[in-house]
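Examining the three-dimensional arrangement
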Amino acid sequence: MSVDTATVRHIARLARIAVSDGEVEALLPELNNILGWVEQLQEVDVAGVEPMTAVIPNRQRLRADEVSDGAIREQVLANAPVAEHGFFAVPKVIE
Amino acid sequence: MSAITDLGVKAIRDGFRNGDFSAREVADAFNAAVAAARGLNAFVVETPELALAAAERADEARASGNLKPLSGVPLGIKDLFATKGVQTTASSRILEGFTPTYDSTVSGNLLAAGAGMLGKLNMDEFAMGSSNETSGFGPVISPWRRSDGGNAPLTPGGSSGGSAAAVAARIAPGVTGTDTGGSIRQPAAFVGITGIKPTYGRCSRYGMVAFASSLDQAGPMARDVRDCAIMLEAMAGFDPKDSTSLDLPVPQWEANLSADIRGKRIGIPREYRIEGVPEEIDRVWEQGIAWMRDAGAEIVEVSLPHTRYALPTYYIIAPAEASSNLARYDGVRYGRRKMPGQGGLTEMYEATRAAGFGAEVKRRIMIGTYVLSAGFYDAYFNQAQKVRALIARDFERVWEECDLLLTPTAPSAAFALGEKSNDPIAMYLNDVFAVPASLAGLPAMSVPAGLDKQGLPLGLQIIGRALDEQGVLDAGLAFEQRAGFTARAEAWW
């Protein structure tokens, strides 16, 4: 499988990364090289194999359903590029 | 007495306890060495005041008889670990200025054990790279140079390149590294030091900037095996804040360290003999096998049939997880924001991420986005997860025939900066021997084995069963005693 420039633009859009025309041209062969190289996995016989999701057997733990955190608004907002009135601030999204 | 900066973790800990020197003297010596080595670009932030403050607490603790396991020992911390009040960027411009209000569990454990912090170590951006050249703060220069008289700047490896360079240059006695697909082991091999990636889940990932969560694992890098055992004991441990943390007691790796490996079966996987690897790699491997035999181990040839698929498997799974993990860098909650001239929220996201991420990070996010996208998920991601299961099964089966594996760490010695940076796949091949153990979550360590014809270090890798860090460390110690590796980089910086 290989990608074309329209697909590169689509992926960039999904990934929320702005790309210039020049970057699309540069990314096209790079992504196709990598995708062509990983293509070899298709030759592996995986019949009956379950996809691996956890490398070391471990159980999912549940913690007690009680508040263990909070009241740290200043800390949460401390690194925000823009914070106003105790909130993260972003460009207007509703007209 | 030799210079304090020539001492490793154990020698500093013990010398300080014995009253040979004060913690203040140690901190002063390393702070001065760090400041004098800026030509290496190993640190992105220096914190001499924190090293001094910890030293003062250590000196008081010694006076009052309240010593902690690492009292008096200053360490370097990879910039992937959140450090309270100290900028943490994962060496990415998108996180420039980010100052955590909390400590990662691993770095916090080290500080709680009495260690001081010399600063934050440079690395490949978000740990994506094998040469430290993807750092948003410039590449680290290896303290090593080829013996050909040329002064070509070499890579210290990556992604833990600043960590590796700092230990090799004797500007930190020990450091933290992280390893997703070889990022502790390959740089350790490139600069002639020791580094271990423990079993996945031994070290908490809380507060460690996430790259590929099913693979990321912290570990120590230091001058020798014992120093690594000491540090790993302080770093590891169950952490309820990481859902993949293993709820197991931390073994006494240092106290139990033993070079007696008589009767251990050490497997030599035939699939790790690959074409195009310099003859010198095979030579040190043969030498290492002879050392293990000399130590009383039984050498057995074994097979890990899916080895050749490990790297492409990794380069689907790791970017897929990265594309998800790095979605959080949106210019809203932390780091930099870039507002385009016009547009709304989406345009802000796109401009912020275009400006903040470097080329390799963008490449991996886009590969990851593609292999997870509708219509391609089964062909790429699911297939890779199945092959990963087969790679793990290879190891399960090989443990019926042997206790440990001995392989090269990397397919070459350190290369020059710029030599591979234009060819992503050539760069990825650096980790061909390191990635299989990562995919299977196994403990693996690189130990220095010797020098190549150009006078550069070469390392060998010891891989063990899940949770058998002790077996890996013990074999490493037996190896180290026979290798007698004492070469060090001549100071030019």
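Below is a summary of the structure that appears in this document. (Residues numbered from 1 in each chain as written. Chains lettered and ligands numbered in written order. Predicted model: local features only at pLDDT ≥ 70, side-chain atom pairs only at ≥ 80, totals over all residues. Heavy atoms only, no water.)

1. Concerning the overall build of chain A
The cut-off we apply is this: Helix numbering and strand numbering both begin at the N terminus, where a helix is a DSSP run of H or I of at least 4 residues and a strand a DSSP run of E of at least 2. The reference for a compact globule is 2.2 Å times residues^0.38; the radius of gyration itself is calculated from the C-alpha atoms.
Within chain A, the secondary structure is distributed over 3 helices and 2 strands. The helix and strand sequence of chain A, counted from the amino end, reads α-α-α-β-β. Taken over C-alpha atoms, the radius of gyration comes to 23 Å for chain A, far larger than the 12 Å a tight globule of 95 residues would show. With the C-alpha coordinates of chain A rotated into their principal frame, the extents come out at 55 × 45 × 25 Å.

2. Structural notes on the packing of aromatic side chains
All names here are of chain B. What counts is decided by this rule: By convention, a stacked pair of Phe, Tyr or Trp rings (six-membered ring in the case of Trp) has centres within 6.5 Å and planes under 30 degrees apart, an edge-to-face pair has planes over 60 apart, and any other such pair is tilted. Only Lys NZ and Arg CZ are tested; either one counts as a charge over a ring when it is within 6 Å of the ring centre and within 35 degrees of the ring normal.
Following the criterion strictly, the structure yields 19 aromatic pairs over all chains and no others. Ring pairing ties together the aromatic residues F98, F126, Y329, Y334 and F357, which thus form one cluster. The cationic tip of R145 hangs over the ring face of W492; the distance from NZ or CZ to the ring centre is 4.0 Å. When the ring centre of Y206 is taken as reference, the NZ or CZ atom of K241 above it lies at 4.8 Å.

3. Section: the side chain of B:T176
Residue and element names in this part refer to chain B. Rules: By the criterion applied in these results, polar contacts are pairs of N or O atoms within 3.5 Å in which, for protein atoms, one can donate a hydrogen and the other can accept it, and in which residues neighboring in sequence qualify only through two side-chain atoms. The criterion used for residue contact is that any of the two residues' heavy atoms lie within 4.5 Å.
Assignment of secondary structure puts T176 in strand β4 (residues 174-179). A polar side-chain atom of T176 sits 3.0 Å from the main-chain amide nitrogen of K78. Not counting residues up to four positions away in its chain, the partners in contact with T176 are G76, I77, K78, F81, V106, L110, S163, G219, M231 and M235.

4. Considerations on the nonpolar core
Residue and element names in this part refer to chain B. Let me state the cut-off plainly: Remark: nonpolar core denotes a set of buried residues (Ala, Val, Leu, Ile, Met, Phe, Trp, Tyr, Cys) joined through side-chain atoms within 4.5 Å. Throughout this description, buried means an accessible area under 20% of the type-specific maximum (1.4 Å probe, protein chains only), exposed means over 50%, and partly exposed covers the range between.
Ranked by size, the top nonpolar core spans 187 residues in total, and within it L70, F126, I171 and F395 carry the most contacts. The biggest single contributor to this core is helix α12 (residues 377-398), with 10 residues. Among residues more than four places away in sequence, those in contact with I171 are F30, A33, V34, A37, L40, A42, F43, L118 and A166.

5. Here's the deal with the pattern of salt bridges
Put simply, the rule is: What counts as a salt bridge is simple: a side-chain nitrogen of Lys or Arg found within 4 Å of a carboxyl oxygen of Asp or Glu.
Under the definition given, this model contains 30 salt bridges over all chains. Each of A:E30, B:E360, B:R363 and B:R364 takes part in one network of salt bridges that share partners.

6. As for the interface of chain B and chain A
What counts is decided by this rule: As used here, buried area is the combined drop in accessible area, with a 1.4 Å probe, of two parts when they are placed together.
Taken together, the contacts link 71 residues of chain B with 51 residues of chain A. Between chain B and chain A, roughly 5,200 Å² of surface is buried when both sides are summed, and carbon and sulfur atoms account for 69% of that area. Ranking the residues of chain B by area buried against chain A places B:E350, B:M366 and B:Y370 at the top, with a combined share of 13%. Where chain B touches chain A, the interface holds 4 salt bridges. For B:E350, the salt bridge identified is with A:R13, shortest N-O distance 2.9 Å. Taken together, chain B and chain A are joined by 19 residue pairs in polar contact (both at pLDDT 80 or more).

7. Some points on the pairing of strand β6 (residues 217-222) of chain B
Residues and elements named next belong to chain B. Selection rule: Should DSSP find at least two bridges between two strands, the strands are taken to pair.
Counting buried positions over the 6 residues of β6 gives 6, a clear majority of the element. Covered by surrounding structure in β6 are Q217, G219 and M221 together with A218, P220 and A222, the residues of both alternating faces. In the sheet, β4 pairs with β6 via 6 bridges, with the strands oriented antiparallel. When the bridges of β6 are listed, T178 appears paired with A218. One ladder, built from 2 bridges, connects strand β5 (residues 194-197) with β6; its direction is antiparallel. Within β6, the residue paired with G195 across the bridge is M221.

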